[in-house]
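Residue strings, one per chain:
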Amino acid sequence: MAMSSNWSLSSSFQTLTPSKPKAKPLLLRRGIGKKAIAMSLSQETAASGLQVVEGNGGLPKVSLSSIHGSKAEIYLFGGCITSWKLANGKDLLFVRPDAVFNGKKPISGGIPHCFPQFGPGAMQQHGFGRNMNWSIAGSENNEGDPIVTLELKDDPYSRSMWDFSFQALYKVTLNSKSLSTVLTITNTDKKPFSFSTALHTYFRASVEGASVKGLKGCATLNKDPDPSNPLEGKEEREVITFPGFVDCVYLNAPNELQLDNGLGDTITIRNKNWSDAVLWNPHLQMEACYKDFVCVENAQIGNIQLEPEQSWVAEQYISAD
Ligand SMILES: O=P(O)(O)OC[C@H]1O[C@@H](O)[C@H](O)[C@@H](O)[C@@H]1O
């Protein structure tokens, strides 16, 4: 499979001592007071093409601009990428009209994290990663393309649900026609833990014209009609469309899928080490917006167990040609 030249991952599991990226640290650090955050807003940071600005609800938002014209936005709350615009100004991601930006409820749209649980399970459906504040651990600029690394660590809130010490690093790179992410989960505890995770990507779409290719032959867990009792099956379709409610897990999904968003764009979704995929459209359960998006999610549905100091790494690379 062809990958871009900056696409490299030596191994999926690495034993390493958790470390900060080498890039120059920015002002917004974890645990910093509100006042300090306010002071650092609007500041042009060390790496060009990257700014921290005030987003909806006053939440800090990282704004990325490539010299090639593409743009992206990431809320530190939830480490959620809410916008990915090509040079032509088209935003390929979708934020639901009912999304709230109050720093409490997860942002419904863009690319929310499901961590440390895809769900359903012991804690809230998609875990706590999407409703905690991530911090900026570093930034770079590679030939005009901005790169930012966000970090999430355990705190009393996460420990109230999942009593482990962890570090999540999320490196986001914006290129002219692509957006890539590397998620690294490290066990910083003294005991093993297990987790599941997903990138719950909401793609802007015209649902009637949208389709996904690449999943034929996969084993499926279909949550339609009963989400609490998924039906096991096998995907027989070359081209999957969204004629009604869709909520299906694809196990051992391939490393490359293609989404036709029904709006004139073909989006290639490549991954390394995201083992599974999920397709979701709520249909009439969300009458106000279901026609305007489809979720195509890279996921790790089965639990990953990490020993102390061990890391799990997975990459996603979405591009529009
Ligand atoms: O939490 P959100 O963004 O509303 O998404 C919920 C949906 O997320 C999907 O990933 C699940 O497969 C669905 O079962 C679930 O209903």
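These numbers were taken from a predicted model, which means no experiment stands behind them. (Residues numbered from 1 in each chain as written. Predicted model: local features only at pLDDT ≥ 70, side-chain atom pairs only at ≥ 80, totals over all residues. Heavy atoms only, no water.)

### A closer look at the overall build of the chain
Logical step 1: For the chain, the helix and strand inventory stands at two helices and 22 strands.
Logical step 2: Across the 321 residues that make up the chain, the buried fraction comes to 53%.
Logical step 3: When the accessible surface of the chain is split by element, carbon and sulfur atoms take 49% of a total near 13800 Å². (Helix = DSSP H or I, 4+ residues; strand = E, 2+ residues; numbered from the N terminus. Buried < 20%, exposed > 50% of the residue type's maximum accessible area, 1.4 Å probe, protein only. Areas by Shrake-Rupley, 256 points an atom, 1.4 Å probe, with all protein chains shown as cover.)

### A few points about the packing of aromatic side chains
Logical step 1: Applying the stated criterion to the full structure yields 19 aromatic pairs.
Logical step 2: Note on W280 and F293: the rings are 6.0 Å apart at their centroids and 50° apart in plane angle, and the pair reads as tilted. Of this pair, W280 sits in strand 20 (residues 276–281) while F293 sits in strand 21 (residues 293–306), and the two are 13 residues apart along the sequence.
Logical step 3: Since its relative accessible area comes to 13%, W280 is described here as buried. (Phe/Tyr/Trp six-rings, centres within 6.5 Å; stacked < 30°, edge-to-face > 60°.)

### Overview of the site of the ligand
Logical step 1: Lining the immediate surroundings of the ligand are R96, F118, H126, R130, H200, Y202, K223, D247, V278, W280 and E297.
Logical step 2: Within the side chain of R96, an N or O atom sits 3.0 Å from an oxygen atom of the ligand.
Logical step 3: Between the ligand and Y202 there is a distance of 2.5 Å, counted from an oxygen atom to a side-chain nitrogen or oxygen.
Logical step 4: Expressed as a share of its isolated accessible area of 400 Å², the protein-covered part of the ligand is 83%.
Logical step 5: Considered class by class, the residues forming the shell around the ligand number four nonpolar, two polar and five charged. (Near = heavy atom within 4 Å. Polar contact = N/O pair within 3.5 Å; in protein donor to acceptor, adjacent residues only side chain to side chain. Nonpolar A, V, L, I, M, F, W, Y, C, P; charged D, E, K, R; others polar.)

### Here's the deal with the pattern of salt bridges
Logical step 1: Counted according to the given criterion, the structure contains nine salt bridges.
Logical step 2: Among the salt bridges present, the one from K216 reaches E238, with a minimum N-O distance of 3.7 Å. Residue K216 is located in the loop between strand 13 (211–213) and strand 14 (219–222), and its partner E238 is located in the loop between strand 15 (231–234) and strand 16 (239–241); the two are separated by 22 residues in the primary sequence.
Logical step 3: In this structure K216 comes out as partly exposed when scored by relative accessible area, which is 46%.
Logical step 4: The class for E238 is exposed, based on a relative accessible area of 52%. (Salt bridge = Lys/Arg side-chain N within 4 Å of Asp/Glu carboxyl O.)

### Examining the side chain of N281
Logical step 1: Inspection of the secondary structure assignment puts N281 in strand 20.
Logical step 2: A polar contact is formed between the side chain of N281 and the backbone nitrogen of H283, at a distance of 2.9 Å.
Logical step 3: When sequence neighbours within four positions are dropped, the list of residues in contact with N281 reads V207, F242, G244, F245, V246, Y290, F293 and V294. (Contact = heavy atoms within 4.5 Å.)

### Section: unusual backbone geometry
Logical step 1: The step from F115 to P116 runs through a cis peptide bond, and the omega angle for that step is 5°.
Logical step 2: Along the chain, P116 turns up in the loop between strand 6 (113–114) and strand 7 (135–142).
Logical step 3: You will see that N252, though not glycine, has its phi angle at about 50°, which is positive.
Logical step 4: Here N252 shows up in the loop between strand 17 (246–251) and strand 18 (256–260).
Logical step 5: Not every positive phi belongs to a glycine, and N273 is a case in point at roughly 80°.
Logical step 6: Looking at where N273 falls in the secondary structure, it is placed in the loop between strand 19 (266–272) and strand 20.

### A word on the environment of K234
Logical step 1: Note that K234 resides in strand 15.
Logical step 2: As for K234 and L215, which are separated by 19 residues in sequence, their C-alpha atoms are 9.6 Å apart.
Logical step 3: If sequence neighbours within four positions are ignored, K234 has contacts with G217, C218, A219 and T220.

### A look at the sheet that holds strand 4 (residues 71–75)
Logical step 1: Taken together, the four strands give an open sheet; going across it, the order is 2-3-4-5, and neighbouring strands pair in antiparallel fashion. The sheet is open, and its two borders are formed by strand 2 (50–54) and strand 5 (80–85), each paired with just one other strand. Taken over all neighbouring pairs, the strand axes of this sheet differ in orientation by 20° on average, direction set aside. (Pairing = 2+ DSSP bridges. Axes fitted to C-alpha atoms, helices over the stretch in contact; angles between N-to-C directions.)

### Some points on the pairing of strand 11 (residues 193–199)
Logical step 1: Burial analysis of strand 11 places six of its seven residues in the buried class, which makes it a mostly covered element.
Logical step 2: Bridge analysis of strand 11 against strand 21 gives six bridges, and the strand direction is antiparallel. Looking at strand 21, one finds that S194 is bridged to Q305.

### Description of the environment of W312
Logical step 1: Note on placement: W312 falls in strand 22 (residues 310–320).
Logical step 2: In sequence terms W312 and N187 are 125 residues apart; their C-alpha atoms lie 8.9 Å from each other.

### A short note on the confidence of the model for the chain
Logical step 1: Here the chain averages 88 in pLDDT, while 86% of its residues score no lower than 70.
Logical step 2: No element of the chain has a lower mean pLDDT than strand 1 (residues 13–15), at 31, and none a higher one than strand 12 (residues 202–204), at 99.
Logical step 3: Every residue in residues 1–44 scores below 50 in pLDDT, and together they form 96 contacts with partners more than four places removed in sequence or on other chains.
Logical step 4: As scored by the predictor, the complex reaches a pTM of 0.89 and an ipTM of 0.97. (pLDDT = per-residue confidence, 0-100.)

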